[in-house]
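Structural features, examined
Chain by chain, the residues run as shown.
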Amino acid sequence: MRIDIISAIPELLESPLSHSIMQRAQDKGLVEINLINLRNFGLGPHRQIDDYQYGGGAGMVMMIEPLFNCIESLKKERVYEHVIYMTPDGDVLNQAISNKLSLCGNIILICGHYKGIDDRLREHVVTMEISIGEYVLSGGELAAAVLVDSIARLIPGVLNDSTSALFDSFQDDMIAPPVYTRPENFNGWTVPKVLLSGHDKNISDWRYEQSQSRTLKRKKQFSSDQNE
Ligand code: 6GU
């Protein structure tokens, strides 16, 4: 899978995507992540990428030409399934969206800044709009890093244990059971006995029950949050 990320500040994306699982995925050739500095497509001697908005009002708008030219240059090289605009008013990311996107061959992500991008891009070029939650970030870069991480770990071969993504919280709408490691007793806080029993059936039954009760508790909490 190839992911092209267009940003005015690509440096913001370098670190989150170049360690641990994200780096390994790229080293293995399973994901190719290409950061593009939008300034390279800026207009005039100052490589301008944003301008005042028509109709007046505070805040700059990202211009259509640099973004359009950048996307066109990418589309000359390969076919993209999606051009995704990262925006706080997009569809809120969930596991189903990540699962679907992990099956794509090539996608483009646009990181917005300031007041956003010229709306003609959203109308004519963008095919999907994604938010990572109901709050506002200074730019789309951190959101893009979240999206790319959630997609890449689903690509077969990226995780060491090929089954482990299937047991993540939210796959099957279930929250993962609690986990423990050494020591067995810390300050009198002990590990559940069943996990030390070596009895596989009892352990998997216990994990399933824990998963169910945590999921139920989370759902109750969620519906009371909604009613506040
Ligand atoms: Cl994708 N962008 C920005 N700027 N803020 C956000 C977001 C995206 N998702 C949640 N907040």
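Just so it is clear, the structure is predicted and the values come from calculations on it, not from any experiment.

**Remarks on the overall build of the protein**
Across its full length, the protein holds seven helices and nine strands. Taking 228 residues into account, the globule formula puts the C-alpha radius of gyration at 17 Å, and the protein, at 22 Å, lies well above it. A buried classification covers 37% of the 228 residues belonging to the protein. Here the contacts in the protein between residues at least 6 apart in sequence split such that 75% fall between residues at least 24 apart.

**Re the state of the cysteines**
Considering all chains together, one arrives at zero disulfides under this definition. Its sulfur unpaired, Cys70 is 11 Å from the next cysteine sulfur, which belongs to Cys111. Not engaged in a disulfide, the cysteine Cys104 finds its nearest cysteine sulfur in Cys111; these two sulfurs lie 17 Å apart.

**Considering the domain arrangement of the protein**
Partitioning the protein into structural domains gives domain 1 (2–152) and domain 2 (174–227). For domain 1 versus domain 2, the distance between C-alpha centres works out to 37 Å.

**Brief notes about the site of the ligand**
What surrounds the ligand is a group of 13 residues, the closest being Thr87, Ile132, Gly133, Tyr135 and Leu137. One of the side-chain nitrogen or oxygen atoms of Ser131 is found 3.4 Å away from a nitrogen atom of the ligand. For the ligand, a nitrogen atom lies 3.0 Å from a polar atom in the backbone of Leu137. Within the complex, 96% of the 290 Å² of free accessible area of the ligand lies under protein. Listed by contribution, the elements that provide at least two residues to the shell around the ligand are β5 (82–92) and β7 (128–131). Sort the elements by how many residues they give to the shell around the ligand and β5 lands first, with three residues. Each residue belonging to the shell around the ligand can be placed in one class, and the counts come to eight nonpolar, five polar and no charged.

**Examining unusual backbone geometry**
Omega for the peptide link from Arg182 to Pro183 comes to 5°, which places this bond in the cis form. Secondary-structure assignment places Pro183 in the loop between α6 (141–152) and β8 (185–186). Although it is not a glycine, Asn187 sits at a positive phi angle of roughly 55°. Along the chain, Asn187 turns up in the loop between β8 and β9 (189–190).

**Re the sheet that holds strand β2 (residues 32–37)**
Sheet architecture is open: five strands sit in the order β2-β1-β6-β5-β7, paired in parallel fashion. The open sheet is flanked by β2 and β7, the only strands paired with a single partner. Shown here is a sheet whose adjacent strand axes are inclined to one another by a mean of 30°, direction ignored. Across six bridges, the pairing between strand β1 (residues 2–7) and β2 is parallel. The partner of Arg2 across the bridge, within β2, is Glu32.

Analysis parameters
- Residues numbered from 1 in each chain as written.
- Predicted model: local features only at pLDDT ≥ 70, side-chain atom pairs only at ≥ 80, totals over all residues.
- Heavy atoms only, no water.
- Helix = DSSP H or I, 4+ residues; strand = E, 2+ residues; numbered from the N terminus.
- Rg over C-alpha atoms; globule rule 2.2 N^0.38 Å.
- Buried < 20%, exposed > 50% of the residue type's maximum accessible area, 1.4 Å probe, protein only.
- Contact = heavy atoms within 4.5 Å.
- Disulfide = S-S within 2.5 Å.
- Domains from an automatic or database assignment.
- Near = heavy atom within 4 Å.
- Polar contact = N/O pair within 3.5 Å; in protein donor to acceptor, adjacent residues only side chain to side chain.
- Areas by Shrake-Rupley, 256 points an atom, 1.4 Å probe, with all protein chains shown as cover.
- Nonpolar A, V, L, I, M, F, W, Y, C, P; charged D, E, K, R; others polar.
- Pairing = 2+ DSSP bridges.
- Axes fitted to C-alpha atoms, helices over the stretch in contact; angles between N-to-C directions.

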